[in-house]
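For reference, the chains in residue letters:
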Amino acid sequence: MRFVPLPKSFYEPSAEVVAPQLLGHWLVRRVGRDWCGGPIVETEAYLMDDPASHGFRGETARNRAMYGPPGRAYVYLIYGCHYCVNAVCHPAGRAEAVLIRALEPQFNEAAMRLNRPGPHAAGLTNGPAKLCAALNIGRALDGADLGAADSDLRIAANPQRAEFCAARGPIVTTTRVGLTKAADRPLRYYLDRSLYVSRRVRAVARPSI
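Just so we're clear, the structure is a prediction, and the values are computed from it rather than from any experiment.

Caption draft 1: Up close: the environment of Arg 72. Along the polypeptide, Arg 72 turns up in the loop between β2 (34–46) and β3 (73–78). The class of Arg 72 is partly exposed, set by a relative accessible area of 27%. Sequence spacing of Arg 72 and Arg 30 is 42 residues, and the spatial spacing of their C-alpha atoms is 16 Å. Residues within four places of Arg 72 in sequence aside, it is in contact with Asn 86, Ala 87, Val 88, Gly 143, Ala 144, Asp 145 and Leu 146. Among the polar contacts made by the side chain of Arg 72, one reaches the main-chain carbonyl oxygen of Gly 143 at a distance of 3.4 Å.

As structure tokens, this is what we get:
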């Protein structure tokens, strides 16, 4: 299957704009000559003025990828053993990113299960650390160009995105998960009828798809 990356211009707006627009597009990872991954069903936005964002206090070696250019991966370690992957937004120097929180394992689920054996179907990729384990996404992919034609990690355009989102929608907007700072900001987005959403909480709004 041919996975055409989303262009760099897709990521140039604020993460708050990009986050819901990523729903339904494909996050894919090259495995040898094959690919694994699937459509994104849950995201969170982290903004420049956001105390919960890794970029809020300035650039460091850890968060450097978050400062651009847009369309790069920002991969970081949590709890000393789990990785999370983000899509960097905004022009370079303005640290914003979208955390990919969940996807549906549509492509090469067998390879994902080799990386993350054990969980039932809906538990394979219904969380940011879970999907990184299943797709073998680690710190080595920090800064990867998600829009490059030769990249082993990319976000690809789903030509049936509208149909997918209509089937899994509506898009629900909620506050973000597991935060103590800026916990009241409605910057989390998910497809309500997807079985792979990590956690359902009270909706703040329901924008049209």
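Caption draft 2: Layout of helix α1 (residues 15–22). Residues of α1 that are buried include every one of Ala 15, Val 18, Ala 19, Pro 20 and Leu 22, and no others. Phi turns positive, to about 95°, at Gly 24, one or two residues after α1.

Caption draft 3: Broad picture of the pattern of salt bridges. Considering all chains together, one arrives at 12 salt bridges under this definition. Note that Arg 168 and Glu 104 form a salt bridge whose closest N and O atoms lie 2.9 Å from each other. Taken together, the residues span a long stretch of sequence, with Arg 168 in helix α4 (residues 161–168) and Glu 104 in the loop between β5 (96–103) and α2 (109–115) at a distance of 64 residues. The class for Arg 168 is partly exposed, based on a relative accessible area of 25%. The exposure class assigned to Glu 104 is buried, which follows from its relative accessible area of 10%.

The rules behind the values
Residues numbered from 1 in each chain as written. Predicted model: local features only at pLDDT ≥ 70, side-chain atom pairs only at ≥ 80, totals over all residues. Heavy atoms only, no water. Helix = DSSP H or I, 4+ residues; strand = E, 2+ residues; numbered from the N terminus. Buried < 20%, exposed > 50% of the residue type's maximum accessible area, 1.4 Å probe, protein only. Contact = heavy atoms within 4.5 Å. Polar contact = N/O pair within 3.5 Å; in protein donor to acceptor, adjacent residues only side chain to side chain. Salt bridge = Lys/Arg side-chain N within 4 Å of Asp/Glu carboxyl O.

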